[in-house]
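Chain by chain, the residues:
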Amino acid sequence: MSLVQRDQNGFIYSRENMLPLTPPLLMKFILNWTVSYVICGISFPHPFVGTDEATTCVGLVIRNQKNGMTSVAHMDSPKIVEMGLSQMLSSLVDNSLETEFDVHLIGGFEDVSLQHANGSTVSESPADLDGYSFPLCLKIVHTLWSREEKFHIRTICVLGHNTRRDSDGNTYPFFNGFVAETTTGIIIPAIFDRTSRCPDEIVRRIRVSVSYEDANWNGKLLETYDSGIDCFKIAPCRWTLRQNHIASSLLNYSDSEILSICSTSPTAEASDFVENLKRQWNYLIEHPHWTETFPKKQPRTFARSSSDGRWIRC
């Protein structure tokens with residue numbers, strides 16, 4: 001994880017300050033992914049909670065100024081913003097509308113090509129004209145503005161503030177991940193490797209990609225972690241045999257084709273993007289029925305080992 005300094009103009013990246021993710025440090029993190037959220041308080045047993053892999057997605061932090069309760073979410077579509085914000089605020093809002101909240105938005109970049117931005121290319125696709133990041137950021141800010149709660153946007157590292165360009169004019173996000181320090185509310189940009197992704201990585205990734213088939217999760221953020229008892233509760237998610245067929249078909253493509261087909265920002269993805277997709281597809285092929293993964297429709301629960309701090313299936 002790389003540390004940064006922050007001033008009134010936003011984040012300043014520093015490669016010289018590196019925080020090694022050694023096993024004792026990893027025990028202090030909770031990581032969540034796309035279309036999921038975590039709620040925790042200042043008595044939270046892990047001082048850091050965060051997210052990564054946000055290219056055209058946006059990581060959102062909301063913190064109750066009064067009691068320090070914090071919610072972190074990873075949003076990928078305007079369609080989940082309204083319900084997602086209600087989920088995030090469900091345990092943060094007390095009985096008083098006078099409570100004020102600090103808000104941080106990190107992720108999303110100018111993913112529209114310069115040709116489209118200059119109007120030299122005609123397209124009928126809204127994604128081609130506006131990209132994916134802009135409509136999502138617009139929806140988040142508008143929804144915050146329209147709610148009754150009082151929000152203070154402390155960090156807005158999105159779109160142009162989170163965009164760098166190479167010599168060919170290709171755009172990339174400066175930051176696509178972060179951690180929130182639960183005791184202070186400080187936000188630190190971060191990148192996580194596979195050893196820091198918390199338990200049940202493949203199943204959690206699969207839930208993200210197949211949840212659109214499950215009406216129970218329509219328009220909602222996926223629940224992942226229960227801070228009250230310090231355990232991961234991977235709530236069940238249904239998928240059909242169609243996912244098995246899709247997985248088998250996609251595995252026939254080359255890595256470059258997979259990147260082009262499956263990513264909203266092919267040039268900005270991490271080096272393990274395609275590898276992670278293949279791992280998910282192989283799992284779906286090996287476990288075509290969702291009940292194999294969630295017997296009796298029960299969540300997959302993981303708790304910390306008291307001896308070494310590793311996550312153990314309950």
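So, here is what we can say about the structure in this document. The residue count restarts for each chain, going from 1 along the sequence in the order it is written. Confidence filtering applies because this is a predicted model: local features only for residues at pLDDT of at least 70, side-chain atom pairs given and counted only at 80 or more, and all residues used for totals across whole chains, interfaces and linings. Only hydrogens and water are removed before side-chain values are computed, so all heavy atoms of the structure are retained for them.

1. A word on the sheet that holds strand 15 (residues 225–226)
Part 1: For two strands to be treated as a pair, DSSP must find at least two bridges joining them. Only DSSP runs of H or I with at least four residues qualify as helices, and only runs of E with at least two residues qualify as strands; both kinds are numbered from the N terminus onward. The 4 strands are arranged 15-16-17-18 in an open sheet whose pairing can be described as antiparallel. Edge strands, defined here as strands with exactly one partner in the open sheet, are strand 15 and strand 18 (311–313).
Part 2: One ladder, built from 3 bridges, connects strand 17 (residues 300–304) with strand 18; its direction is antiparallel. Considered in strand 18, the bridge of Ala303 is made with Ile312.

2. Let's talk about the nonpolar core
Part 1: Residues Leu60, Ile62, Met75, Leu85, Met88, Ile140 and Phe232 are the most contacted members of the largest nonpolar core, which totals 62 residues.
Part 2: A per-element tally of this core places helix 9 (residues 273–286) first, with 6 residues.
Part 3: Ignoring any residue separated from it by four or fewer positions in sequence, one finds Ile140 in contact with Val58, Leu60, Met75, Val81, Leu85 and Leu105. Note on terminology: a nonpolar core comprises buried Ala, Val, Leu, Ile, Met, Phe, Trp, Tyr and Cys residues joined through side-chain atoms within 4.5 Å. Only protein chains enter the accessibility calculation, which uses a 1.4 Å probe; a residue whose area is less than 20% of its type maximum is buried, one above 50% is exposed, and one in between is partly exposed. Contacts between residues were defined by any pair of non-hydrogen atoms, one from each residue, lying within 4.5 Å.

3. Structural notes on the sheet that holds strand 8 (residues 100–106)
Whether parallel or antiparallel, the strands of a sheet pair through hydrogen bonds between backbone atoms.
Part 1: One open sheet accounts for 6 strands, arranged 9-8-6-7-4-14; its pairing is mixed. Strands with a single pairing partner mark the edges of an open sheet, and in this sheet they are strand 9 (150–157) and strand 14 (222–223).
Part 2: In this sheet, strand 8 lies alongside strand 6 (residues 58–64) in antiparallel orientation, the contact comprising 6 bridges. Each bridged residue has a counterpart across the sheet, and for Val61 the counterpart in strand 8 is His104.
Part 3: In this analysis, axes come from line fits to C-alpha atoms, helices being fitted only over the stretch in contact, and the angle between any two N-to-C directions falls in the range 0 to 180 degrees. Along the sheet, helix 5 (residues 133–146) makes contact with strand 6, strand 7 (70–75), strand 8 and strand 9, crossing strand 6 at roughly 20°.

4. Quick notes on the environment of Asn218
Part 1: Here Asn218 shows up in the loop between helix 6 (201–210) and strand 14.
Part 2: Remark: the alpha-carbon pair of Asn218 and Met83, spanning 135 residues in sequence, is separated by 9.6 Å.

5. Considering the packing of helix 8 (residues 255–262) against helix 9
Part 1: One way to put it is that helix 8 packs onto helix 9 with a least axis distance of 10 Å and a crossing angle of 85°. On the basis of their axis angle, the class for helix 8 and helix 9 is roughly perpendicular. The residues of helix 9 that touch helix 8, namely those facing Asp255, Ile258, Leu259 and Cys262, are Phe273, Val274, Leu277, Lys278 and Trp281.
Part 2: Considered class by class, the residues forming the contact of helix 8 with helix 9 number 7 nonpolar, no polar and 2 charged. Our angle categories are set so that under 35 degrees counts as roughly parallel, over 145 as roughly antiparallel, 65 to 115 as roughly perpendicular, and the remainder as oblique. Amino acid classes used here: Ala, Val, Leu, Ile, Met, Phe, Trp, Tyr, Cys and Pro are nonpolar; Asp, Glu, Lys and Arg are charged; the rest, including Gly, are polar.

6. Let's talk about the packing of aromatic side chains
Any two aromatic rings considered together are summarised by their centre-to-centre distance and by the angle between their planes.
Part 1: Working definition: a ring pair exists when centres of Phe, Tyr or Trp rings (six-membered ring for Trp) sit within 6.5 Å. Plane angles under 30 degrees give stacked, over 60 give edge-to-face, the rest tilted. All chains considered together, the criterion is met by 5 aromatic pairs.
Part 2: With a centroid separation of 5.0 Å and an interplanar angle of 90°, the aromatic rings of Phe232 and Trp311 are classed as edge-to-face. Separated by 79 residues along the polypeptide, Phe232 in strand 16 (residues 231–234) and Trp311 in strand 18 bring together distant segments of the chain.
Part 3: Judged by its relative accessible area of 0%, Phe232 falls in the buried class.
Part 4: Overall, the relative accessible area of 17% leaves Trp311 in the buried class.
Part 5: A connected cluster of aromatic rings, assembled from ring pairs, spans Tyr225, Phe232 and Trp311.

7. What about the side chain of Thr55?
Part 1: Along the polypeptide, Thr55 turns up in the loop between strand 5 (48–51) and strand 6.
Part 2: If we ignore the near neighbours within four places in the chain, the residues touching Thr55 are Gly107, Gly108, Phe109, Ser133, Pro173, Asn176, Thr264, Ser265, Ala268 and Glu269.

8. With respect to the pairing of strand 7
Part 1: Within strand 7, 6 of the 6 residues are buried, which leaves it mostly tucked inside the rest of the structure.
Part 2: In strand 7, alternate side chains face the same way, and those of Thr70, Val72 and His74 on one face and Ser71, Ala73 and Met75 on the other are all buried.
Part 3: The pairing of strand 4 (residues 36–40) with strand 7 spans 5 bridges and is antiparallel. Counted as the bridge partner of Ile39 is Ser71 from strand 7.
Part 4: Examined bridge by bridge, strand 6 and strand 7 share 6 bridges and lie antiparallel to one another.

9. Let's talk about helix 2 (residues 81–89)
In an α-helix, one turn spans 3.6 residues; hence positions three or four apart end up facing the same way.
Part 1: Val81, Gly84, Leu85, Gln87, Met88 and Leu89 are the residues of helix 2 that are buried.
Part 2: Structurally, helix 2 contributes buried residues whose contacts are with strand 4, strand 6, strand 7, strand 8, helix 5 and strand 9.

10. Focus: a nonpolar patch on the surface
Part 1: Judged by side-chain polarity, Val141, Ile153 and Ile156 come together as a nonpolar surface patch covering roughly 220 Å² of accessible area.
Part 2: Within the secondary structure, Val141 is located in helix 5.
Part 3: Taking the relative accessible area as the measure of exposure, Val141 reaches 33% and is therefore partly exposed. For patch building, the residue pool is restricted to those with more than 30% relative accessible area and no salt bridge; the joining distance is 9 Å between like charges and 5 Å between nonpolar side chains (Val, Leu, Ile, Met, Phe, Trp, Tyr). Areas reported here follow the Shrake-Rupley algorithm with a probe of radius 1.4 Å; residue values treat only the protein chains shown as occluding. Salt bridge, as applied in this entry: a Lys or Arg side-chain nitrogen positioned within 4 Å of an Asp or Glu carboxyl oxygen.

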